[in-house]
Amino acid sequence: MLSVLKKLPLSGKIGVGILTVLLMAAIFGPMVLHDPYAQNLIHSLEGPSAEHWLGTDQIGRDLLSRIVVGARYSLLIGIGATLFGAVIGVAIGVFSGYFGGWLEMAMMRLMEMLMVFPGILIALMVIAVAGDGLVNVIVAVGLRAVPIFARLAQTSTHTIREREYILAAKAVGASGFRILYSHVLPALFNSLVVLAALQVATSILVGATLSFLGVGISPEMPEWGSMLNTGRRYIFQHWPLVVFPGLAIMITVLGINLLGDGLRAMLSKQHGRGVVLK
Amino acid sequence: MLSFLVRKFFQVALTLLLISVVVFFMLRFMPGDPAQVLAGQDANEELVEAMRDRMGLNDPVAVQYLTYLKLVLKGDLGNSIRSHQPVIDEIMARLPTTLLLGFSSIGIALVLGLIIGIWAAVNVGRWPDYMVLLGALFGVSAPSFWTGLLLILVFSVYLGWLPVVATGDFQSYILPVATLVPLSLAVFSRLARSTMLDVLSEDYVRTALSKGVSGRVVLYRHCLRNALIPVVTIAGMELARLFGGVIAVETIFALPGAGRALVDAIMTRDFPMIQGLVLVLAFVFALSNLLVDVLNGIIDPRIRRR
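What counts as what
- Residues numbered from 1 in each chain as written.
- Chains lettered and ligands numbered in written order.
- Predicted model: local features only at pLDDT ≥ 70, side-chain atom pairs only at ≥ 80, totals over all residues.
- Heavy atoms only, no water.
- Helix = DSSP H or I, 4+ residues; strand = E, 2+ residues; numbered from the N terminus.
- Contact = heavy atoms within 4.5 Å.
- Areas by Shrake-Rupley, 256 points an atom, 1.4 Å probe, with all protein chains shown as cover.
- Lys, Arg positive; Asp, Glu negative; His and termini not counted.
- Charge placed at Lys NZ, Arg CZ, Asp CG, Glu CD.
- Patch = residues over 30% accessible without salt bridge, like charges linked within 9 Å, V, L, I, M, F, W, Y side chains within 5 Å.
- Salt bridge = Lys/Arg side-chain N within 4 Å of Asp/Glu carboxyl O.
- Buried < 20%, exposed > 50% of the residue type's maximum accessible area, 1.4 Å probe, protein only.
- Buried area = accessible area lost by both parts, 1.4 Å probe.
- Polar contact = N/O pair within 3.5 Å; in protein donor to acceptor, adjacent residues only side chain to side chain.
- Phe/Tyr/Trp six-rings, centres within 6.5 Å; stacked < 30°, edge-to-face > 60°.
- Axes fitted to C-alpha atoms, helices over the stretch in contact; angles between N-to-C directions.
- Parallel < 35°, antiparallel > 145°, perpendicular 65-115°, else oblique.
- Left-handed = near helix turned anticlockwise from the far one by under 90°.
- Nonpolar A, V, L, I, M, F, W, Y, C, P; charged D, E, K, R; others polar.
- 1 Å grid on protein atoms, 1.4 Å probe; cavity = no way out; pocket = protein on both sides within 12 Å on 5 of 7 lines; lining within 4 Å.
- Points joined across faces, edges and corners; volume = space filled by probe spheres on them.
- Core = buried A, V, L, I, M, F, W, Y, C linked by side-chain atoms within 4.5 Å.
- Domains from an automatic or database assignment.

Engineer: What should I look at first to understand the overall build of chain A in this one?
Structural biologist: Per the secondary structure count, chain A includes 10 helices and zero strands. Along its sequence from the N terminus, chain A presents helices and strands in the succession α-α-α-α-α-α-α-α-α-α. Seen through its C-alpha atoms, chain A measures out along the principal axes to roughly 75 × 45 × 25 Å. Within chain A, contacts between residues at least 6 apart in sequence are counted, and of these 70% link residues at least 24 apart. A total of about 12700 Å² of accessible surface is found on chain A, and carbon and sulfur atoms cover 69% of it. Separation of charge centres in chain A, based on 19 positive and 13 negative side chains, amounts to 14 Å.

Here it is, written out as structure tokens:
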């Protein structure tokens, strides 16, 4: 783990730094800060002060603690949706890429079709059918990533399956599943990690867009997107409500993008096993 | 070229058919019985059953789908539960705003992205290059709805130059488009830069330069066309990504577009409206991807033969 950190380019290290601070704040922040749900109507829409560093919202809740707690939701949606998309997408891609034939053709055509549709449209369709709720949001956002992972896994598997070591494994009688699990998946690992990192960033953005539109997540929750949706009604009176939650989204996504780009640069320099990254 | 077009056309036709199947089944998975909704909450069981019969809900699924398809082909998407008006009329009234926002933003981003990307590639390793890379990093990280709010904060609230709420004239589209451009611009300029760097190190570029062809001619005659291909290829996907921003912009600037209509329909559970909007929007995206494919076929003859 530490050796990976050392090999990352500077931008990647900055990304790791940003994410570490964010994660610490998300975990421990709520213990030392104000209660993010405590209302105080007398102190509503106050500017930054020693008591409330970023001021208060329209019903007097501490903006900083709400933003810090919001990191939990954003990271949960981003990572959860990516995992969902990765597991299903990689399964589809590896399976169809390895066994090939008409299954591969049909699956990949389907994935290509899905890829040209807006993630937000797919997410909205899922919410329309399944209803609101955090889990539904994670699935809705994650579904968007399925074809992206599937295509990467499929094209990589397709090139790997003709390699000598796969033929050797087949020759000694390893079953299809065993080959997929212990030979194909590890070879995909590097490129999947890079894609996953970048997909976490996109998923956070799509998730935040959903809640900004008022879909999926209850407006009571201190989620950054829905905080901005509430805040925009006070854009003439109180600017912090529309500036800071968005800044939090941007810094988080920036950190993840830096880490993803850094990982890509590091891994594409490493030779040896694995699939060449684009 | 003709066989390429025919092939693409059949691909799109297949996509459209698949979309109609998905949208048809989407309604069936939705909570609530449409017959109950139309008959009213306190209708008795017989009335609901009669309604179900009349709506064809007791027919086999395949028959129901074909009936639905026939109606869709005639342009009948049903009536909105909320306004009781034909869904298709409302969609057609709102679609132009969405299309205008989407296509003008992607067009501006494409042209600017190419210019900026090439500029960065020519100056690789110097300050313009670093500036572009840094700007692109922020561009892909800022959610467009936030960009929009910041633009309002600066240009409407603080400076008072531009209107907050759209009035329909040219001025009211400046901030919405300015909101949508940065994200795609970042993606396009980064891609144009990296492709350009690849192209610049190609043998044919070196040959042309050593023959004495001027740098400017090499850049525009030999490199631009090759740099254009990947940028146009992802334009379809970028348009799809942009759509989230389009809905947000319609919300922020109170523009009556199809994206916001979809969100409103979901919130009020107006199922015919949801179904119709998803269908039409999916059609729009399938068709714009056809356009991208054809454009790419024109730019790059190799693609046509694939």
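Engineer: So what exactly am I meant to see when it comes to a nonpolar patch on the surface here?
Structural biologist: Residue and element names in this part refer to chain B. Among the surface-exposed residues, Met1, Leu2, Leu5, Val6, Phe9, Phe10, Phe103, Leu291, Leu295 and Ile298 lie close enough to one another that they form a single nonpolar patch of about 970 Å² accessible area. When contributions to the nonpolar patch are tallied by element, the ones reaching two or more residues are helix H1 (2-29) and helix H12 (271-299). Ranked by the residues each element gives to the nonpolar patch, the list is headed by H1, at five residues. For Leu5, the location among the structural elements is in helix H1. Look at Leu5 and you get partly exposed, because its relative accessible area is 33%.

Engineer: Before we go on, may I ask you to explain the interface of chain B and chain A in this structure?
Structural biologist: A common way to state how big an interface is: give the accessible area lost once the parts meet. Taken together, the contact between chain B and chain A spans 47 residues of the former and 37 residues of the latter. Buried surface at the junction of chain B and chain A, both sides included, amounts to about 3700 Å², of which 82% is carbon and sulfur. Of all residues in chain B, Phe145(B), Trp146(B) and Leu149(B) give up the largest surface area on contact with chain A, accounting jointly for 17% of the area buried on that side. Between Arg190(B) and Asp261(A) there is a salt bridge; the shortest N-O distance is 3.6 Å. In this assembly, chain B and chain A are joined by three residue pairs in polar contact (both at pLDDT 80 or more). Mapped by element, the contributors of at least two residues to the side of chain B that touches chain A are H1, helix H6 (127-141), helix H7 (144-158), helix H10 (215-252), helix H11 (258-267) and H12 of chain B.

Engineer: Hey, could you run me through unusual backbone geometry in this one?
Structural biologist: It is generally the case that most residues other than glycine have a negative phi and that most peptide bonds are trans. All names here are of chain B. Not every positive phi belongs to a glycine, and Ala254 is a case in point at roughly 50°. With respect to the helices and strands, the residue Ala254 is situated in the loop between H10 and H11. For Arg269, which is not glycine, the phi torsion reads 50° and is therefore positive. Its place among the elements puts Arg269 in the loop between H11 and H12.

Engineer: Please explain the packing of aromatic side chains as it appears in this structure.
Structural biologist: Aromatic rings considered in pairs are described by the distance between their centres and by the relative angle of their planes. Residue and element names in this part refer to chain B. Scanning the entire structure with this criterion turns up 11 aromatic pairs over all chains. Geometrically, the ring pair formed by Phe243 and Phe285 is edge-to-face, given 5.4 Å between the ring centres and 80° between the ring planes. A residue pair is termed long-range when its members are at least 10 positions apart, and Phe243 in helix H10 and Phe285 in helix H12 qualify at 42 residues. Accessibility assignment for this pair places Phe243 and Phe285 in one class, buried. Of the aromatic side chains, those joined through ring pairs into one cluster are Phe24, Phe25, Tyr65 and Tyr68.

Engineer: Sorry, what's going on with the packing of helix H5 (residues 119-130) of chain A against H11(B) here?
Structural biologist: Packed helix pairs are characterised by how far apart their axes lie and by the angle those axes make with each other. Packing of H5(A) against H11(B) leaves a shortest axis separation of 10 Å and a crossing angle of 15°. The angle between H5(A) and H11(B) falls in the class roughly parallel. The chirality of how H5(A) crosses H11(B) is left-handed. Of the residues in H11(B), those in contact with Leu121(A), Leu124(A) and Ala128(A) of H5(A) are Leu262(B), Val263(B) and Ile266(B). For the contact of H5(A) with H11(B), the residue count by class is six nonpolar, no polar and no charged.

Engineer: I tried to follow empty space enclosed by the protein on my own but got confused; where do I start?
Structural biologist: If a probe as big as a water molecule is rolled over the atoms, it shows which places are left empty. All names here are of chain B. Enumeration over the complete set of coordinates arrives at one cavity of 30 Å³ or more. Looking at the largest cavity, its volume works out to about 110 Å³. The wall of the largest cavity is formed by Thr98, Leu99, Gly102, Phe103, Leu239, Phe243, Val246, Leu281, Val284 and Phe285. Tallying contributions element by element places helix H5 (residues 87-122) first for the lining of the largest cavity, with four residues. Grouping the constituent residues of the lining of the largest cavity by class yields eight nonpolar, two polar and no charged.

Engineer: Just checking my understanding: could you explain the nonpolar core for this structure?
Structural biologist: Burial of nonpolar side chains together is a common tendency in soluble globular proteins. Formed by 130 residues in total, the largest nonpolar core has its most connected members in Leu124(A), Phe145(B), Leu262(B) and Ile274(B). A domain-level breakdown of this core finds at least three residues from each of domain 1 (2-73) and domain 2 (87-300) of chain B. Setting aside its immediate chain neighbours within four residues, Phe145(B) contacts Ala208(A), Thr209(A), Phe212(A), Leu228(A), Ile249(A), Ala248(B) and Ile252(B). Within the second largest apolar cluster, 17 residues are counted, among which are Val90(A), Phe149(A), Leu188(A) and Leu192(A).

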